[in-house]
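Each chain, written out:
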Amino acid sequence: MTSARARHPGRDRGSISLLMVVVGVVFVAALVVGIGLGSARVARHRAQNAADAGALAAAVWAVDGSAVACPVAGRVVSANGARLVSCMVDGLDVRVTVEIRLSDSTPVGRATARAGPLRDTSVGPDRDG
């Protein structure tokens, strides 16, 4: 009695090619998702750096008020490739919020930073009087 393979010798030809195509598609899909997640993470870090730099630059001018400090923050944020969303000056404290866009679509990175005098948050008996 002859086996099914002997009767149809070319029947399994090409099945490994189909499997390799499926594996390749899965690999490319995972690569695209990974690149997207990596880009979002980089944009978030860039936004945080721009917010930190903008808040520090504005804090130098906080004594003169928001009319002077916020335009300085805007220039620094813009130089870092971000867009100033908000700038608030409260005494010597400055809070800056920025966003990064990869295109004209939705923002991919948004961050807020505060700069100003150090606040004393220590409490308890170990604190020097």
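Residues numbered from 1 in each chain as written. Predicted model: local features only at pLDDT ≥ 70, side-chain atom pairs only at ≥ 80, totals over all residues. Heavy atoms only, no water.

Asks: Sorry, what's going on with the overall build of the protein chain here?
Replies: In terms of regular secondary structure, the protein chain is built from three helices and three strands. Listing every helix and strand of the protein chain by position from the N terminus yields α-α-α-β-β-β. In the protein chain, 40% of the contacts between residues at least 6 apart in sequence involve partners at least 24 apart. Of the accessible surface of the protein chain, which amounts to about 9,300 Å², a share of 61% is contributed by carbon and sulfur atoms. (Helix = DSSP H or I, 4+ residues; strand = E, 2+ residues; numbered from the N terminus. Contact = heavy atoms within 4.5 Å. Areas by Shrake-Rupley, 256 points an atom, 1.4 Å probe, with all protein chains shown as cover.)

Asks: Would you mind going over the pairing of strand β1 (residues 83–90) with me for this structure?
Replies: Each regular strand displays side chains that alternate between the two surfaces of the sheet. Both β1 and strand β2 (residues 93–100) contribute to a ladder of seven bridges, which runs antiparallel. Residue pairing in the sheet places D90 in a bridge with D93 of β2. Linking β1 to β2, which pair antiparallel, is a turn of two residues; within it G91 sits at a positive phi near 70°. (Pairing = 2+ DSSP bridges.)

Asks: How should I be thinking about the side chain of T97 in this particular structure?
Replies: In this structure, T97 sits in strand β2. Polar contacts involving the side chain of T97 include one to the side chain of T112, which spans 3.0 Å. (Polar contact = N/O pair within 3.5 Å; in protein donor to acceptor, adjacent residues only side chain to side chain.)

Asks: Is there a simple way to explain the side chain of E99 in this structure?
Replies: Among the structural elements, E99 can be located in strand β2. In this structure E99 comes out as buried when scored by relative accessible area, which is 3%. Among the polar contacts made by the side chain of E99, one reaches the side chain of R110 at a distance of 3.3 Å. (Buried < 20%, exposed > 50% of the residue type's maximum accessible area, 1.4 Å probe, protein only.)

Asks: Explain the nonpolar core here, please?
Replies: Among soluble globular proteins, nonpolar side chains are generally buried collectively. Counting 20 residues, the largest nonpolar core has A82, C87, V94, V96 and V98 as the members making the most contacts within it. Contributions of two or more residues to this core are made by α2 (15–60), α3 (66–79), β2 and β3 (109–115). Each residue touching A82, except ones within four places of it in the same chain, is listed here: A50, V77, V98, E99 and I100. (Core = buried A, V, L, I, M, F, W, Y, C linked by side-chain atoms within 4.5 Å.)

Asks: Just to check I follow, could you spell out the environment of G54 for this structure?
Replies: Looking at the element boundaries, G54 is found in helix α2. On the basis of relative accessibility, which here comes to 0%, the residue G54 falls in the buried class. For G54 and V77, which are 23 residues apart along the polypeptide, the C-alpha to C-alpha distance reads 5.3 Å. Excluding residues that lie within four positions of it along the chain, G54 makes contacts with A73, V76, V77 and V96.

Asks: Any chance you could explain the sheet that holds β1 here in plain terms?
Replies: Judged by pairing direction, the sheet is antiparallel, and its three strands sit side by side in the order β1-β2-β3 without closing on themselves. Edge positions in the sheet fall to β1 and β3, since each of these pairs with one other strand and no more. Each strand of the sheet is rotated relative to its neighbour by a mean of 10°, with strand direction disregarded. Along the sheet, α2 makes contact with β2 and β3, crossing β3 at roughly 30°. (Axes fitted to C-alpha atoms, helices over the stretch in contact; angles between N-to-C directions.)

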